[in-house]
Amino acid sequence: MGMPNGVTWAGDYWRQCQGRTEGCTREWQNWWRDSVTEADIRLLADNGINMVRLPFGFWAFIPTVGNEPYPTSPAQKENIRRIVELCARHGLYIILDIHALPGNQNGWEPSGHGDNDSGFLTRPAQFWDRSINTVQAVADFVKDLPPHVRQYVSGIEAANEIRPLTEPQRKVMYDFVTTAYPIVNAAGVSLIISDGFLGPQAWTGYFRNGEDVVLDVHTYWAFRTDRVTDDSFVRNMVDLVGTVASSHLPWFAGEWSAGRPNTAQLSDGQIRWLMVDASMDNKKSLTLPYVTLQPSIGQVIRDVAEATVPAEDAWVSCYRQGAESVHGKVKIQRQEGGGAQLDWEGGVDGKQVSSDEFLISCPSLDIPPTPVHLPKQTIQTGLKRGINCFDVSSTLPIFAVGGDDGQLEVQGWREDGNPVECCGHVGDLHSVQFFPSGSVILSSSHLHLLIHSALDGTCPRSFKGHKAAIACTSIIDRGRNVLSGSRDGTVRLWDVPSGASIRTVGVNAYSAVLALAEGARPESVQVAGEEDRDPREVGTEGRAVYAALSSGKVSVIDLRTKTEAATLAPSPDKLDPLHAIAVSPTSSPVLAAGARSGLVHLYDTRNASSPLVSWQRNDAPITSLLFPNGGAHELLVAAEDGLPYRARILDGGADVEWEKNVQVAEEFVGLDCDAATSIRYGGFGGGKEGEAGKAWVWVSGRDGAVRRY
């Protein structure tokens, strides 16, 4: 198990903390906070996991007594709350598992004290009340959660791996879970019960009246002492499923191992994890350089020019993976007669083109003069916890932003004014998109797909049907039909006027769908089968859906037959979830897919057996991709490093030198170490005087701001 820095594990919490409870508590407080991060939860969600089980000891919820040395701190309970909220944010259900009862329910180390004394079962009079109080405290905790978080708590496990060895101990077990049931049921969640290592037949006489109870079965092949062959392993698994399936109670395997004694050498409870390398081994994989500039340099230049300060330096850095970074600076000094003079030092060269554009080069990293843009406008939204998704209207000077906890707002960018709040979502927003009219928006959160008026926030239509979080959407043609992609591994086609689902299509291996794009059906896709067209469809002729999956593949769905027509695997031997996808608006589409590893894969869909080229700048996950200008020769890229850019893609073929044909055309700076969550192009063209007819690049960030370039 993971441990706080400098701490050696003593085998269980009792031995770890005996005689030093206060010091032990201090050691563990930061570990509780840092051991599970949002990145961990996101990784699970992105790989199709839809439920987690969170174990904890009774001491996280009720006080210890007597000589119990367990660590006591409110930080434990608050950390459990934090993890529950993170799971809800990313669409994961959670089981709250009471892993250790007062007195210990099995005598093993994971239940607090590994002395083979199951005190709760052998001396129930001593530990009964406090054990029931623990269940009550956890149930009260669930009741106090906000509704949009509470809906993700699937159940409370009253006692992990309770192990009765005698008939009197069995009676204690049965009495305990039947007493716990009304307490847990009152919290609106399932009661999870351990089978007691007795099998489902031991529960035949209990919970026969439709009670909300689920059986938890644990099986560890790795800890058996006999040799388990492949054949016997499979046979034993089949037998287990057959036995449990006969139970009148629903069941799941809360703990299990596929490892066997002859293949997984486990000792002292140590488990060797196999980590998947998501790096790209491809002769066409490129490493592109990047330039970044101090976001506040524009203000520094103005301060010097206006004599607020006589001189000041600003930093500028250049990077290329595998090479030594260059960290230079710009010396900014006031000129006689007014204005500011810029001198570039430290291996970088540059010049100021305008108040918000610089041309910067770095010879040692082969970076040619590259335009680097500051934002023309930075708009701070009301989403204090950051922007998850963003879109900008093409007909009105407004944009929409979605954040955590159901926040969805429409805000003007040309004039100050109160944002329009769009209500209806209860979970975190995953996508927001304007219809072509520019005054109506489509958005998704957990199981809800909603349509709002961008003018007054009213919600005339909602769509339900997915079984897991809706991660992405796409609008077909003028918007009579829309598409949604979910972590349940399906894509749905919807009829907007009625709110009905027209078709549901499962993607490859039912992997979680993380991003969607809709475009022309590629010439290479020839699907046998009859046309499956619904009279409510408008604009689906000759079209296809491109779904980016948690498995690292792209599923191509033919809208004519409503079937998966092709599967593209950019990294066939790697697990590298795809978080972003874009399709060029051309008759022969070019496809771009962005991965968690920071790779961008480019496909010619006329021959999509492998990417034309793949590139990356660093390891930051790609969050958003877009082909601007209606073509396929430029790609806007946003990533979690907060350094969006425009890539230029020149024509090429199989033998082209891609190092010369994929280049960084422009950099967009302004985010200060915060992730860029979306990148868009265009917007209403009737802006400030002198800007009429212009289209802009827009970037939203986790800092809660929208930037216009």
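What you see is a predicted model, and the numbers here were worked out from it, not measured in a lab.

Right, let's talk about the overall build of the protein chain for a bit. The helix and strand inventory of the protein chain stands at 11 helices and 42 strands. Partitioning the contacts of the protein chain with sequence separation of at least 6, the portion at a separation of at least 24 is 57%. Accessible surface computed for the protein chain: about 30,500 Å², of which carbon and sulfur atoms make up 48%.

Before going further, it helps to spend a moment on the pattern of salt bridges. In this structure the tally under the stated criterion is 38 salt bridges. Where Asp404 meets Arg89, a salt bridge forms, and the shortest distance between an N and an O atom there is 3.5 Å. Placement of Asp404 in the loop between strand E17 (398-402) and strand E18 (408-412) and of Arg89 in helix H4 (residues 74-89) is noted, with a sequence separation of 315 residues between them. Of the two residues, Asp404 and Arg89, neither departs from the other in class, the shared state being buried. The partner of Asp495 in a salt bridge is Arg480, and the shortest N-O contact between them spans 3.3 Å. One end of the pair, Asp495, is in strand E26 (residues 490-495); the other, Arg480, is in the loop between strand E24 (470-476) and strand E25 (481-486), and 15 residues separate them in sequence. Judged by relative accessible area, which is 37%, Arg480 ranks as partly exposed. Each of Glu38, Arg89, Arg385, Asp404, Asp405, Asp428 and Arg702 takes part in salt bridges that share partners, so that together they form one network.

Once that is clear, we can look at the pairing of strand E12 (residues 349-354). Side chains on a regular strand alternate between the two faces of the sheet. Across 5 bridges, the pairing between E12 and strand E13 (residues 357-362) is antiparallel. For Lys351, the partnering residue across the bridge sits in E13 and is Leu359. The hairpin formed by E12 and E13 contains 2 residues between the paired strands.

Let us look at the state of the cysteines. A complete count under the given rule lists 1 disulfide for this structure. Take Cys318: it sits in no disulfide, and the sulfur closest to it among the cysteines is that of Cys362, at 3.7 Å. Look at Cys362 and you get buried, because its relative accessible area is 0%.

Right, let's get into the packing of helix H6 (residues 124-143) against helix H8 (residues 167-186). It is the contact of H6 with H8, at a shortest axis distance of 9 Å, that shows an interaxial angle of 25 degrees. Judged on the interaxial angle alone, H8 and H6 are roughly parallel. As H6 runs across H8, the sense of the crossing is right-handed. Residues Pro124, Trp128, Ser131, Ile132, Val135, Gln136, Ala139 and Lys143 of H6 pack against Val172, Asp175, Phe176, Thr179, Ala180, Ile183, Val184 and Ala186 of H8. When the residues that make up the contact of H6 with H8 are grouped by side-chain class, the tally is 11 nonpolar, 3 polar and 2 charged.

Turning next to the sheet that holds strand E7 (residues 285-287). Ordered by their spatial adjacency, 5 strands build an open sheet running E7-E35-E34-E33-E32, and the pairing between neighbours is mixed. Of all strands in the sheet, those bounded by a partner on one side alone are E7 and strand E32 (578-583). The mean angle between the axes of side-by-side strands here comes to 20 degrees, regardless of whether they run parallel or antiparallel. Here 5 bridges tie strand E33 (residues 590-595) to strand E34 (residues 600-604), and the two strands are oriented antiparallel to one another. Paired with Ala593 across the bridge in E34 is His601.

A complete count under the given rule lists 29 aromatic pairs for this structure. Plain terms: the ring middles of Trp14 and Tyr70 are 5.7 Å apart, the flat faces sit at 80 degrees to each other, and that makes the pair edge-to-face. Taken together, the positions of Trp14 in helix H1 (residues 13-17) and Tyr70 in the loop between strand E1 (51-57) and H4 put the pair 56 residues apart, joining distant regions of the chain. In this structure, Trp14 and Tyr70 share a single accessibility class: buried. Aromatic rings pair up to connect Trp9, Tyr13, Trp14, Trp28, Trp31, Phe58, Trp59 and Tyr70 into one cluster.

Locating Ser453 in the fold gives a position in strand E22 (residues 449-453). Accessibility expressed as a relative area gives 17% for Ser453, which makes it buried. Looking at Ser453, its side chain comes within polar contact range of the main-chain nitrogen of Leu455, at 3.1 Å.

This part takes up the sheet that holds strand E20 (residues 431-434). What the 4 strands build is an open sheet, ordered E20-E21-E22-E23; its pairing is antiparallel. Two strands lie at the open edges of the sheet, namely E20 and strand E23 (461-463), each paired on one side alone. Neighbour-to-neighbour, the strand axes of the sheet open up by a mean angle of 20 degrees, direction not taken into account. Judged from the 4 bridges that link them, E20 and strand E21 (residues 440-444) form a sheet pairing that is antiparallel. Its bridge partner lying in E21, Phe434 is registered against Ile441.

The subject of this paragraph is unusual backbone geometry. Apart from glycine, the bulk of residues carry a negative phi angle, and the bulk of peptide bonds sit in the trans form. Despite not being glycine, Asp366 shows a phi value in the positive range, around 55 degrees. Along the polypeptide, Asp366 turns up in the loop between E13 and strand E14 (367-373). We classify Asp366 as exposed; its relative accessible area is 63%. Although it is not a glycine, Lys562 sits at a positive phi angle of roughly 60 degrees. Turning to its location among the elements, Lys562 is positioned in the loop between strand E30 (554-558) and strand E31 (563-568). We classify Lys562 as buried; its relative accessible area is 9%.

Moving on to the packing of helix H2 (residues 21-34) against H4. Closest axis-to-axis distance for the H2/H4 pair is 9 Å, and the angle between their directions is 5 degrees. Judged by the angle between their axes, H2 and H4 are roughly parallel. Contact residues: H2 offers Gln29, Trp32 and Arg33, while H4 offers Ala75, Gln76, Asn79 and Arg82. For the contact of H2 with H4, the per-class residue count stands at 2 nonpolar, 3 polar and 2 charged.

So, on to the nonpolar core. Membership of the largest hydrophobic core comes to 69 residues, with the highest contact counts inside it found for Leu96 and Trp203. In terms of residue count, H8 provides more of this core than any other element does, 9 residues in total. Setting aside residues no more than four positions away along its own chain, Trp203 makes contact with Met173, Tyr174, Val177, Ile193, Ser194, Asp195, Leu215, His248 and Leu249.

Here we come to the confidence of the model for the protein chain. Looking at the protein chain as a whole, the pLDDT averages 87, with 89% of positions reaching at least 70. At the low end of the mean pLDDT range in the protein chain sits helix H11 (residues 658-661), at 66; at the high end sits E21, at 98. Ignoring residues within four places in sequence, the model shows residues 261-283, a span with pLDDT below 50, making 25 contacts including any to other chains. Predicted confidence is poor over residues 686-690, with pLDDT under 50, and the contacts of this stretch with residues over four places away or in other chains come to 4 contacts.

What counts and how
Residues numbered from 1 in each chain as written. Predicted model: local features only at pLDDT ≥ 70, side-chain atom pairs only at ≥ 80, totals over all residues. Heavy atoms only, no water. Helix = DSSP H or I, 4+ residues; strand = E, 2+ residues; numbered from the N terminus. Contact = heavy atoms within 4.5 Å. Areas by Shrake-Rupley, 256 points an atom, 1.4 Å probe, with all protein chains shown as cover. Salt bridge = Lys/Arg side-chain N within 4 Å of Asp/Glu carboxyl O. Buried < 20%, exposed > 50% of the residue type's maximum accessible area, 1.4 Å probe, protein only. Pairing = 2+ DSSP bridges. Disulfide = S-S within 2.5 Å. Axes fitted to C-alpha atoms, helices over the stretch in contact; angles between N-to-C directions. Parallel < 35°, antiparallel > 145°, perpendicular 65-115°, else oblique. Left-handed = near helix turned anticlockwise from the far one by under 90°. Nonpolar A, V, L, I, M, F, W, Y, C, P; charged D, E, K, R; others polar. Phe/Tyr/Trp six-rings, centres within 6.5 Å; stacked < 30°, edge-to-face > 60°. Polar contact = N/O pair within 3.5 Å; in protein donor to acceptor, adjacent residues only side chain to side chain. Core = buried A, V, L, I, M, F, W, Y, C linked by side-chain atoms within 4.5 Å. pLDDT = per-residue confidence, 0-100.

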